[in-house]
Amino acid sequence: AGLRGAVCQRCWLLTYHSQALRLRLPPEQHRQVVIAALRRPPRHGRGPLLLYILDLLELPDPVLPQLPGLLGPDVPAAGLLVVGNKVDLLPADAPGHLGRLRRQLAAACTQAGLSGAPLVDVRLVSAKTGFGLEGLVSRLQSSWKCTGDVYLLGATNSGKSTLFNSLLQSDYCKSRAPDIVNRATVSPWPGTTLNLLKFPIINPTCDRIFRRQERLKEEATKTEDQLSSEEKKYLNHLKKQGYLVGRVGRTFQRQKSSAVVDFDPDMLSYSIDEDPKDSARKHEEREEFTYNEVKDARWCFDTPGIVKENCVLNLLTEKEVKLVLPTHAIIPRTFILKPGMVLFLAALGRVDYIQGEKPAWFSVVASNLLPVHISTLSNADAMYKKYAGQEFLKVPMGGEERMREFPPLVPQDITLKGIGTTEAVADIKLSSAGWVAVTAHAEEKLLLRAYTPEGTMVVVREPPLLPYISAIRGARIAGTAAYRTKRPPSVVENLTSTQRR
């Protein structure tokens, strides 16, 4: 009994010091844990709902096509719901961008062979800022109700554990469970969730659905001016982190008069400069579920993240991963390049403009902490040799010693044809370091050469994820290839002052 609340050293370091012990599980071992969980005999006479979460920035998702293989012919999955996470990090490049992103996500599901009857829906959310979560809960309760268990699946760093923690604090979870169930450990380090965490799903009876809808209607009539000073402060905090923010509440609570959940994003997911703080809770005797509470319960399980192969993150140290993975709203950086010019994204990726008739626009969508530098073809190799491993290119870090063990950059030639000066023709995705959207004059043929570290992949994404991204820029900076960057405003859903997009 004395060890019931104990936490292993690995989880303690992750939670309170944002440090991970070097533990690497082979991809096949991750797969076996997930497969074993999915292939359990069906409970309650019905197979589980698979809630697959992917990082929108990673489209095309490398694990999505693996789902049929993970399930196999013997897995009686009753449904699949695909959730595109981290939508808060992407700026609106044009009106209707969310609808376009959702269509692109649905197309990715079709391309991966998941367009059959088991696919329930595709949704866009931010597990960190709460955007889209109330809609996701309503969709789960209306389509799946409480007919079977739910498994959260996804690649490492997709935000799966953050979503688990968010659902734990929502109307999807039994009201007493957050006081009993441990939260998932959240970290940018791959392989954090080593065992199956779970919480009991609330039964969405007609009365509960009605009371929940009444709460949502009431909250949707408010404006920001009608919120308490504490709520305003909290929303402003979230707006600094993402473009899209949601207000997540709880209808059913224990001994609380307020309908607003104590929803702390820094406990759900933390960034490089915001380590989680140890809560001031008193060490009380831990509660337990009674037998009657869980004997017929349906559970939501968090599974270990599936390691992405050929991914640049696998080559990086923990400190470098924190710089590469974006945790705040991405501010796009646009440059106008002539043939013979080169764009570096840190020391992790490079795009050369080899041949073309006219200048073209290159918009970088990556972590704001990663530097972008422009060079010429004649100087690019010398620049990389001199500054890779140094602060100038930032990642990797550690000087010559670090670069001796880091794989060299290898090239891939790319040919594109422009479709106009206001719309990108394609994204050049530099593994998981970010991407460069290329905008060129109509019918203009471009020969490009993209580099990523050996063992990782360059992906040409057509159509681009944000085709009008080059429009999010300020005035040209005199004497340079760069434009001034500007951050679009953030919005909060479910407030009358918010215009829906």
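How each quantity is defined
Residues numbered from 1 in each chain as written. Predicted model: local features only at pLDDT ≥ 70, side-chain atom pairs only at ≥ 80, totals over all residues. Heavy atoms only, no water. Helix = DSSP H or I, 4+ residues; strand = E, 2+ residues; numbered from the N terminus. Buried < 20%, exposed > 50% of the residue type's maximum accessible area, 1.4 Å probe, protein only. Contact = heavy atoms within 4.5 Å. Areas by Shrake-Rupley, 256 points an atom, 1.4 Å probe, with all protein chains shown as cover. Arc of directions from axis to C-beta. Pairing = 2+ DSSP bridges. Axes fitted to C-alpha atoms, helices over the stretch in contact; angles between N-to-C directions. UniProt positions renumbered as here; feature names shortened; annotations may be inferred. Core = buried A, V, L, I, M, F, W, Y, C linked by side-chain atoms within 4.5 Å. Salt bridge = Lys/Arg side-chain N within 4 Å of Asp/Glu carboxyl O.

A few words now on the overall build of the protein chain. The secondary structure content of the protein chain amounts to 13 helices and 18 strands. Counting only residues that meet the buried cut, the protein chain has 54% of its 501 residues in that class. For the protein chain, long-range pairs separated by at least 24 residues make up 78% of all intrachain contacts whose partners lie at least 6 apart in sequence. Total accessible area on the protein chain stands at roughly 22,600 Å², and carbon and sulfur atoms take up 51% of it.

With that settled, the discussion passes to helix H5 (residues 133–143). If you check which residues of H5 are buried, you get Leu 133, Glu 134, Leu 136, Val 137, Leu 140 and Gln 141. Summarising the axial view, the buried residues of H5 lie within an arc of 160 degrees, below the 170-degree limit, and thus occupy one face. Close packing links the buried residues of H5 with strand S1 (49–55), strand S2 (79–85), strand S3 (119–124), helix H6 (160–168) and helix H7 (206–220). Just past H5, the residue Lys 145 takes up positive phi, approximately 55 degrees.

Strand order in the open sheet formed by 5 strands is S12-S9-S10-S16-S13, and the pairing between neighbours is antiparallel. Looking at strand neighbours, the two that pair on one side only are strand S12 (372–376) and strand S13 (409–417), the edges of this open sheet. Taken pair by pair, the neighbouring strands of this sheet meet at an average axis angle of 20 degrees, ignoring direction. Note that strand S10 (residues 349–355) and strand S16 (residues 445–453) share 5 bridges and pair antiparallel.

Examined against the element boundaries, Pro 65 turns out to sit in the loop between S1 and helix H3 (67–71). Accessibility expressed as a relative area gives 49% for Pro 65, which makes it partly exposed. Taking the C-alpha atoms as reference, Pro 65 lies 8.2 Å from Leu 114; in sequence the two are 49 residues apart.

All right, on to the UniProt feature "coiled-coil region" (unreviewed entry) in the protein chain then. With numbering aligned to this structure, UniProt lists the feature "coiled-coil region" (unreviewed entry) at residues 206–233. Taken end to end, residues 206–233 has its terminal C-alpha atoms 35 Å apart, with 71% of it in helix and 0% in strand.

The next subject is the nonpolar core. Judged by nonpolar contacts, the single largest core of 52 residues is most densely connected at Leu 348, Phe 362, Ile 428 and Leu 448. For this core, the leading source of residues is strand S9 (residues 341–345), giving 5 residues. In contact with Ile 428, other than residues within four places in its own chain, are Val 351, Ile 414, Gly 434, Trp 435, Val 436, Val 438, Leu 448, Ala 450, Val 458 and Val 459.

The next point concerns the pattern of salt bridges. Close approach of charged atoms lets side chains of opposite charge pair. This structure, assessed with the given rule, holds 25 salt bridges. When salt bridges with common partners are traced through the structure, they connect Glu 134, Asp 171, Arg 212, Arg 215 and Glu 219 into a single cluster.

For the rest of this paragraph, the subject is the sheet that holds strand S11 (residues 360–365). On the basis of which strands lie adjacent, the open sheet formed by 5 strands has the order S8-S11-S15-S14-S17 and antiparallel pairing. Only two strands of the sheet have a single neighbouring strand rather than two, namely strand S8 (333–337) and strand S17 (458–461). Each adjacent strand pair in this sheet contributes to an overall mean axis angle of 25 degrees, direction not counted. As paired strands, S11 and strand S15 (residues 435–439) are joined by 5 bridges and run antiparallel to one another. What sits directly across from Ser 363, in S15, is Ala 437.

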